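# Per-entry structural report
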Amino acid sequence: MTKLEAIEAMKAGAKVTHRFFEPQEWITMEGNLTIITEEGYACSTVEFWGFRKSVQWERDWSIWSSQ
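Residues numbered from 1 in each chain as written. Predicted model: local features only at pLDDT ≥ 70, side-chain atom pairs only at ≥ 80, totals over all residues. Heavy atoms only, no water.

Take the pairing of strand S2 (residues 27–30) next. Consecutive side chains along a regular strand alternate between the two faces of the sheet. Bridge count for S2 against strand S3 (residues 34–37) is four bridges, and the pairing is antiparallel. From the neighbouring strand, Ile 27 faces S3, where its bridge partner is Thr 37. Taking the residues that link successive antiparallel strands as the turn, the S2-S3 hairpin has three residues, and the phi of Gly 31 there is positive, at about 70 degrees. (Pairing = 2+ DSSP bridges. Helix = DSSP H or I, 4+ residues; strand = E, 2+ residues; numbered from the N terminus.)

This is the structure:
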């Protein structure tokens, strides 16, 4: 899925992962401005996406599954 699709999925409560993440890594959103990681860390969406500006982060998102 695209970055925008991943953002919408997270806003709806889904955990998403990216092809660059390790198998156990995921993120979700709390409200519209906070990213939460699998470890419980919170950071602003501005900070999170600020480090992920390249075109490689625009695609290859998916819903995370523990399986």
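This is not the end of the story, as more comes after the structure.
Moving on, we get to the side chain of Thr 17. With respect to the helices, strands and loops of the structure, Thr 17 is situated in strand S1 (residues 16–18). For Thr 17, a relative accessible area of 12% translates into the label buried. A polar contact of 3.0 Å, which involves the side chain of Thr 17, links it to the backbone oxygen of Glu 25. With sequence-adjacent residues up to four places away left out, Thr 17 is seen in contact with Glu 22, Glu 25, Asp 60, Trp 61, Ser 62 and Trp 64. (Buried < 20%, exposed > 50% of the residue type's maximum accessible area, 1.4 Å probe, protein only. Polar contact = N/O pair within 3.5 Å; in protein donor to acceptor, adjacent residues only side chain to side chain. Contact = heavy atoms within 4.5 Å.)

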